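Report on the structure
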Amino acid sequence: MIRLGVLASGGGTNLQAILDACAAGRIAAQVAVLVSNVPGAGALERARRAGVPTEVVPSKGVADREAYDLRLVEVLRAHRVDLVCLAGYMRIVTPAFLRAFGPLPETRGCPRVVNIHPGLLPSFPGLHAQRQCVEYGARFAGCTVHFVDEGTDTGPVIVQAVVPVEPDDTEEILARRILEQEHRLYPQAIHWFAEGRLSVQGRRVVVAGARTLPPAPIANPAVEIG
Ligand code: GRF
């Protein structure tokens with residue numbers, strides 16, 4: 001059973017999906033602490049309801065990002081966290097933070113910080129991925145769980161899910177469709193890590209024993225000419 005430190009700034013539906021998966025015994029993990037940089041974030045209430053320890057480390061007005069992150073590292077270490085999960089955490093983590101949770105021999109080259117992004121990386125990194133997708137007119141959207149490196153949403157990809165973009169989609173409608181998949185993907189990725197099934201080789205993440213999809217090309221709109 002690995003110990004998770006979840007970092008969240010917002011409502012925390014991804015945190016909820018992780019908490020539910022832990023409570024149901026679907027993943028070999030427990031949330032050791034929920035840390036938020038935003039006092040009053042919805043995620044804090046969700047953690048409290050689940051009986052998970054919470055810590056607020058307010059980031060507003062803090063100029064020294066590295067000192068802030070080192071404080072977070074202290075908090076996470078105090079809770080003996082094995083894996084840090086960014087779940088709607090609206091800050092870029094510093095290299096000092098990433099060094100503190102770098103790869104260990106027992107993590108087979110895997111860093112110990114993961115993130116979920118509401119876009120099919122490398123398309124639409126950064127903020128408002130769903131809006132970027134709708135405005136671009138892309139036909140597919142999705143989400144990505146990836147290891148975190150020093151770039152913005154650039155770390156090695158663990159798993160992705162695809163959803164179609166429908167003609168009348170607004171940013172909000174598309175975000176809801178993507179979020180449903182986020183809630184499936186994040187617990188799954190954590191479980192693979194917990195089971196020791198992930199390893200990183202360069203940019204590629206290997207998921208030992210994972211099934212891949214049979215080759216079934218999909219198009220949106222559907223191809224009609226047979
Ligand atoms: C999700 O879309 C996640 O991918 C992004 O921020 C949103 C957080 O939602 N990084 P929630 O707080 O987990 O509900």
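In the block above lies the structure referred to throughout.
Because the structure is predicted, anything quoted here is derived from the model rather than measured.

Reading the values: rules and limits
Residues numbered from 1 in each chain as written. Predicted model: local features only at pLDDT ≥ 70, side-chain atom pairs only at ≥ 80, totals over all residues. Heavy atoms only, no water. Helix = DSSP H or I, 4+ residues; strand = E, 2+ residues; numbered from the N terminus. Buried < 20%, exposed > 50% of the residue type's maximum accessible area, 1.4 Å probe, protein only. Contact = heavy atoms within 4.5 Å. Pairing = 2+ DSSP bridges. Axes fitted to C-alpha atoms, helices over the stretch in contact; angles between N-to-C directions. Phe/Tyr/Trp six-rings, centres within 6.5 Å; stacked < 30°, edge-to-face > 60°. Polar contact = N/O pair within 3.5 Å; in protein donor to acceptor, adjacent residues only side chain to side chain. Near = heavy atom within 4 Å. Areas by Shrake-Rupley, 256 points an atom, 1.4 Å probe, with all protein chains shown as cover. Nonpolar A, V, L, I, M, F, W, Y, C, P; charged D, E, K, R; others polar. Core = buried A, V, L, I, M, F, W, Y, C linked by side-chain atoms within 4.5 Å.

Notes on unusual backbone geometry
Here the residue pair Leu121 and Pro122 is connected by a cis peptide bond, since its omega of 10 degrees sits within 30 degrees of zero. With respect to the secondary-structure elements, Pro122 resides in the loop between β5 (113–117) and α5 (129–136). Going from Asn220 to Pro221, the amide bond is cis rather than trans, its omega being -5 degrees. Among the secondary structure elements, Pro221 is positioned in the segment after β9 (204–207). Even without being glycine, His128 reaches a positive phi, approximately 55 degrees. Along the chain, His128 turns up in the loop between β5 and α5. For His128, a relative accessible area of 39% puts it in the partly exposed group.

A few points about the environment of Val38
Summarising the element assignment, Val38 is placed in the loop between β2 (29–36) and α2 (42–49). Since its relative accessible area comes to 30%, Val38 is described here as partly exposed. Separated by 128 residues in sequence, Val38 and Glu166 have C-alpha atoms that sit 34 Å apart. Beyond its immediate sequence surroundings of up to four residues, Val38 is in contact with Ser9, Leu44 and Val56.

Focus: the sheet that holds β5
Strand order in the open sheet formed by seven strands is β3-β2-β1-β4-β5-β6-β7, with mixed pairing between adjacent strands. The strands lining the two open edges of the sheet, one partner per strand, are β3 (54–56) and β7 (157–164). Shown here is a sheet whose adjacent strand axes are inclined to one another by a mean of 20 degrees, direction ignored. With seven bridges joining them, strand β6 (residues 140–147) and β7 adopt antiparallel strand pairing. The residue bridging Ala141 from the neighbouring strand is Val163, located in β7.

Focus: the side chain of His146
Along the polypeptide, His146 turns up in strand β6. Contact partners of His146, with chain neighbours within four places excluded, come to Val113, Val114, Asn115, His117, Leu121, Asp153, Thr154, Gly155, Pro156, Val157 and Ile158.

Remarks on the packing of aromatic side chains
Two aromatic rings, taken as a pair, are described by how far apart their centres are and by the angle between their planes. According to the stated counting rule, one finds two aromatic pairs in the structure shown. Relative to Phe101, the ring of Phe97 has its centre 5.4 Å away and its plane inclined at 45 degrees; by these criteria the two rings are tilted. In this structure, Phe97 and Phe101 share a single accessibility class: buried.

Remarks on the side chain of Thr107
Looking at the element boundaries, Thr107 is found in the loop between α4 (95–100) and β5. You can call Thr107 buried: its relative accessible area is 6%. A distance of 2.7 Å separates the side chain of Thr107 from the backbone oxygen of Cys110, its partner in a polar contact.

Quick notes on the site of the ligand
The environment of the ligand is made up of Gly11, Gly12, Thr13, Asn14, Gly88, Ile116, His117, Pro118, Leu179 and Glu182. Between the ligand and Asn14, the relevant distance is 2.8 Å, taken from an oxygen atom to a main-chain nitrogen or oxygen of the residue. The backbone of Ile116 places a nitrogen or oxygen atom 3.2 Å from a nitrogen atom of the ligand. Protein contact buries 81% of the 360 Å² of open area that the ligand shows by itself. Only α1 (13–23), β5 and α6 (171–194) provide two or more residues apiece to the shell around the ligand. Its residues placed into classes, the shell around the ligand shows three nonpolar, six polar and one charged.

Details of the environment of His146
Relative accessible area serves as the criterion here: at 2%, His146 is assigned to the buried category. Taking the C-alpha atoms as reference, His146 lies 9.7 Å from Tyr186; in sequence the two are 40 residues apart.

Quick word on the nonpolar core
Leu4, Leu34, Phe147, Ile158, Tyr186, Ile190 and Leu198 are the most contacted members of the largest nonpolar core, which totals 49 residues. No other element matches the eight residues that α6 contributes to this core. Residues within four places of Phe147 in sequence aside, it is in contact with Cys110, Pro111, Val113, Val114, Gly155, Pro156, Ile158, Phe193, Leu198, Val200 and Val205.

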